[in-house]
Amino acid sequence: FAGVACALVDDIYRSKGIQTLHFLPTCPVGHEAARVRAFQNDNPGTSATLGSVEQNIFVPTLRADPSLNVTAVAAMFRRSPLCVASLAPLKEGDAIGAHEDTVELLSRIFPKQNVVASPRGTKNTDLLNGTYQGIQAYTTTEVPALHRLMSGRGMDPKDLRFQVLEDVGAAEDHDSGTSPK
């Protein structure tokens, strides 16, 4: 979804001649491919129907039901805006709040932390209030939002740390800027 949000903000769709976008309502985890297929079937005049889903959900869903007949066209292997944001280095046993569809994946990447499903709508404030020591975030949207929230609270945005998940199992630690520590 971060890519879609950035493309909207940067007006990329319109610059490529796409004038009309229809966004389907969110759905339960694991139903994304079926919703895209149903929309395309109900709207055969539509040239293409695109959806957004985590790869760790998409692959098993399609394997379980190949009749969905959907294709991944922009999978982000080795390059993802997904990160874990924190205000201090994560320690063993620290809680990381994550989207329910990413808990399993992040638990494998952060086996020494306690990865739990957390509400998407409050995770930034949950981090700043200390409910979680880390949260799943996207460098493209939530890191800038966290910087704004921190500034508004009189906190130094440079205190925000994030571990970019560029390669499964090889999280890279970054400070609030872009250079590795």
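*Asks:* Explain the overall build of the protein to me, using residue names and the numbers behind them.
*Replies:* Of the regular secondary structure elements, the protein holds seven helices and six strands. The N-to-C order of helical and strand elements in the protein reads α-α-α-α-β-β-α-β-α-β-α-β-β. In the protein, buried positions account for 35% of the 181 residues. The long-range fraction of contacts in the protein, counting pairs at least 24 apart against all pairs at least 6 apart in sequence, stands at 48%. On the protein, roughly 11,000 Å² of surface is accessible, and the fraction owed to carbon and sulfur atoms is 54%.

*Asks:* Could you give an account of the pattern of salt bridges, naming the residues involved and the relevant values?
*Replies:* For the structure shown, the criterion picks out three salt bridges. Across the pair R120 and D101 runs a salt bridge whose closest N-O atoms are separated by 3.5 Å. Of this pair, R120 sits in the loop between β3 (114–117) and α6 (123–129) while D101 sits in the loop between β2 (95–98) and α5 (103–109), placing them 19 residues apart in sequence. You can call R120 partly exposed: its relative accessible area is 48%. Ionic pairing is found between E142 and K123, a salt bridge with its closest N-O pair at 2.8 Å. Remark: K123 occurs in helix α6 and E142 occurs in helix α7 (residues 142–152); sequence separation between them is 19 residues. We note that E142, like K123, is buried.

*Asks:* So what about unusual backbone geometry? Which residues, and what values?
*Replies:* For N69, which is not glycine, the phi dihedral falls at a positive 50 degrees. By the secondary structure assignment, N69 is in the loop between α4 (55–64) and β1 (82–86).

*Asks:* Got a sec to walk through the nonpolar core? Specific residues and values, please.
*Replies:* In this structure, A85, L127, I135, L146 and L160 are the most contacted members of the largest nonpolar core, which totals 14 residues. Within the residue set of this core, elements represented by two or more residues are β1, α6, β4 (134–138), α7 and β5 (161–164). The dominant element in this core, judged by the number of residues it contributes, is α7, at three residues.

*Asks:* How would you summarise a nonpolar patch on the surface if you had to cite specific residues and measurements?
*Replies:* A surface patch of nonpolar side chains, about 350 Å² in accessible area, is lined by L8, I18, L21 and F23. Topologically, L8 is positioned in helix α1 (residues 2–9).

*Asks:* Go over the pairing of β1, please, and point to the residues and values.
*Replies:* Across the five residues that make up β1, a large majority, five, are buried. Residues L82, V84 and S86 line one face of β1 and the alternating positions C83 and A85 line the opposite face, and both faces are buried. Pairing between β1 and β4: five bridges, direction antiparallel. Residue pairing in the sheet places L82 in a bridge with Y138 of β4. Of the strand pairs in this sheet, β1 and β5 are connected by four bridges, and their pairing is antiparallel. Across the sheet, S86 pairs through a bridge with R161, a residue of β5.

*Asks:* Let's hear about the side chain of Q113: which residues, and what values?
*Replies:* As for its position among the elements, Q113 is in the loop between α5 and β3. By relative accessible area, which is 15% here, Q113 ends up buried. At 3.1 Å, the side chain of Q113 and the backbone oxygen of K91 are in polar contact. The residues touching Q113, leaving out its near neighbours within four places in the chain, are L90, K91, E92, G93, D94 and I96.

Parameters at a glance
- Residues numbered from 1 in each chain as written.
- Predicted model: local features only at pLDDT ≥ 70, side-chain atom pairs only at ≥ 80, totals over all residues.
- Heavy atoms only, no water.
- Helix = DSSP H or I, 4+ residues; strand = E, 2+ residues; numbered from the N terminus.
- Buried < 20%, exposed > 50% of the residue type's maximum accessible area, 1.4 Å probe, protein only.
- Contact = heavy atoms within 4.5 Å.
- Areas by Shrake-Rupley, 256 points an atom, 1.4 Å probe, with all protein chains shown as cover.
- Salt bridge = Lys/Arg side-chain N within 4 Å of Asp/Glu carboxyl O.
- Core = buried A, V, L, I, M, F, W, Y, C linked by side-chain atoms within 4.5 Å.
- Patch = residues over 30% accessible without salt bridge, like charges linked within 9 Å, V, L, I, M, F, W, Y side chains within 5 Å.
- Pairing = 2+ DSSP bridges.
- Polar contact = N/O pair within 3.5 Å; in protein donor to acceptor, adjacent residues only side chain to side chain.

None of this, on its own, says anything about what the molecule does.
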